[in-house]
Amino acid sequence: MNHFRAAAHSPAVTSRIGAALGVTFLLCFLTGLLSHLIQHPPGWFTWPSRPVQLYRITQGVHVISGIASIPLLLAKLWTVYPKLFERPAVRSIPHALERLSILVLSGAAFFEVTTGLLNVAQNYPWDFYFPSLHYAVAWIAIGSVVVHVAVKLPIIRGPKEPEKPEKPSPGLSRRGFLRSTWLVTGVAVVATAGATVPWLRHVSGLSWRTDKGTQGVPVNRTAAAAGVLEIPPGWRLEIATTAGTRSFSLTDLVALPQTTAELPIACVEGWSQSAVWTGVAFPDLLRAAGAEPGSDVRVLSLERNGLYATSELPGTHTADPLTLLALQLNGEVLAPDHGYPCRVIAPNRPGVLQTKWVRRLEVR
Ligand SMILES: Nc1nc2c(c(=O)[nH]1)N[C@H]1C(S)=C(S)[C@@H](COP(=O)(O)O)O[C@H]1N2
Ligand SMILES: [Mo]
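Reading the values: rules and limits
Residues numbered from 1 in each chain as written. Chains lettered and ligands numbered in written order. Predicted model: local features only at pLDDT ≥ 70, side-chain atom pairs only at ≥ 80, totals over all residues. Heavy atoms only, no water. Phe/Tyr/Trp six-rings, centres within 6.5 Å; stacked < 30°, edge-to-face > 60°. Helix = DSSP H or I, 4+ residues; strand = E, 2+ residues; numbered from the N terminus. Buried < 20%, exposed > 50% of the residue type's maximum accessible area, 1.4 Å probe, protein only. 1 Å grid on protein atoms, 1.4 Å probe; cavity = no way out; pocket = protein on both sides within 12 Å on 5 of 7 lines; lining within 4 Å. Points joined across faces, edges and corners; volume = space filled by probe spheres on them. Nonpolar A, V, L, I, M, F, W, Y, C, P; charged D, E, K, R; others polar. Domains from an automatic or database assignment. Expected span 1.5 Å × (residues − 1). Axes fitted to C-alpha atoms, helices over the stretch in contact; angles between N-to-C directions. Left-handed = near helix turned anticlockwise from the far one by under 90°. Salt bridge = Lys/Arg side-chain N within 4 Å of Asp/Glu carboxyl O.

As annotated in an unreviewed UniProt entry, the protein chain carries the name Molybdopterin-binding protein and is attributed to Amycolatopsis albispora.

In structure tokens, the structure reads:
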């Protein structure tokens, strides 16, 4: 028998890798759930506007733990795959259920890591479809993890069977297999983490879309792609309140008190980047429009039918003096790709909600 396989197919190796995978999966699930709640908040959920960098960190953890799961998942399957060919295929009903749960678990896990990875690499290749499916399958994956752990609990917690001593062999040892697994996982993490961890940036060969792009910030959806290269002549920002609608030209907005702050864009795809933004703080803007800071605001853009053409800015954010309707980026007037004439930049908020090319605010 091949030494490499002999080393890998030991219950001790399987459960060590399983434990690591359990940790990365759980982190990935919880941070993903959080991101989903922030983007589709149910009534009981509020997300604070501080700390400024919090979402950047949780979403970084989501992407990094997802990437770490890939080599762990492959190694884990490698350690158990001879079992897939066991005969008889079904010994009893619990045995059949266990096998079925492993099938569902690996299928769901592979679906999650591949769709996640493609999303990170390609920037929403599937439009609306991806997030809802990725979210739904996450529940299937975590559910089957729970079943799998419950089934294996007697083995995990039971008295340790003495491992058969390994015959010295010229191939890879159990320890060697484990070490290679940790090494590959570490390399995968370091190679991608630079997208969100600034000091890792120069070692991350594979980190994507950072420091590139107009005005030093990556561009997610370009003005051309969104169909908003031409700003309608006589553009004015409309602010609709219960008392009526007021409108502001760009000159009016520049004449309001200006706030400058360093704030990150933290894309759900995992890249994040800080920049210096200048514009009108929402509390000032709402007061100028005759509305209360702390009101919920619906943001509408010039984009006609993009997925992220509109967003909801909750009261926790409109009360925060760091939530900006930005007019400038890194000391220059916003480039069309970054949302000219004005865009939302709020602390601790997912990138998809930092709406560009704002046309109208509806105060509730
Ligand atoms: N109107 C509009 N605003 C948008 C988007 C969009 O598609 N349409 N994309 C969002 C996403 S996903 C991100 S990550 C940020 C990126 O901002 P940037 O392109 O200025 O870096 O803009 C957000 N604002
Ligand atoms: Mo994004």
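## Quick look at the packing of aromatic side chains
The full count for this structure, using the stated rule, is five aromatic pairs. Ring plane angle 85° and centroid distance 5.0 Å describe the contact between Phe 29 and Trp 139, whose orientation is recorded as edge-to-face. Within this pair, whereas Phe 29 is found in helix 2 (residues 11-39), its partner Trp 139 is found in helix 5 (residues 129-157), the two being separated by 110 residues in sequence. By relative accessible area, Phe 29 is classed as buried at 14%. Plain terms: the ring middles of Tyr 81 and Phe 85 are 6.2 Å apart, the flat faces sit at 85° to each other, and that makes the pair edge-to-face. Classification of Tyr 81 by relative accessible area gives partly exposed; the value is 24%. Taken together, Phe 29, Tyr 135 and Trp 139 form an aromatic cluster joined through their ring pairs.

## Concerning empty space enclosed by the protein
One pass over the full model with this rule turns up one cavity of 30 Å³ or more. The volume enclosed by the largest cavity comes to roughly 30 Å³. Forming the boundary of the largest cavity are Val 52, Tyr 55, Arg 56, Pro 264, Ala 266, Ala 346, Pro 347, Asn 348, Arg 349 and Gln 354. Across the lining of the largest cavity, the residue classes break down as six nonpolar, two polar and two charged. Three or more residues apiece are contributed to the lining of the largest cavity by two domains, here domain 1 (2-200) and domain 2 (216-363).

## Remarks on helix 6 (residues 174-193)
A rise of 1.5 Å per residue sets the reference length of helix 6, with its 20 residues, at 28 Å; its end C-alpha atoms lie 28 Å apart and thus fit the reference within 8%. The complete set of buried residues in helix 6 reads Arg 174, Gly 176, Phe 177, Leu 178, Thr 181, Thr 185, Ala 188, Ala 191, Thr 192 and Ala 193.

## Quick notes on the packing of helix 2 against helix 3 (residues 54-84)
Viewed as axis vectors pointing N to C, helix 2 and helix 3 meet at an angle of 150°, and their least axial separation amounts to 7 Å. Seen along the crossing, helix 2 lies across helix 3 with a hand that is left-handed. When the residues that make up the contact of helix 2 with helix 3 are grouped by side-chain class, the tally is 16 nonpolar, 14 polar and one charged.

## Focus on the pattern of salt bridges
Where charged atoms from two side chains of opposite charge come close, those side chains can pair. Tallied over the full model, the rule gives ten salt bridges. The partner of Arg 360 in a salt bridge is Glu 362, with the nearest N and O atoms 2.8 Å apart. Since its relative accessible area comes to 19%, Arg 360 is described here as buried. By relative accessible area, which is 23% here, Glu 362 ends up partly exposed. One network of salt bridges, with partners in common, ties together Glu 238, Arg 360 and Glu 362.

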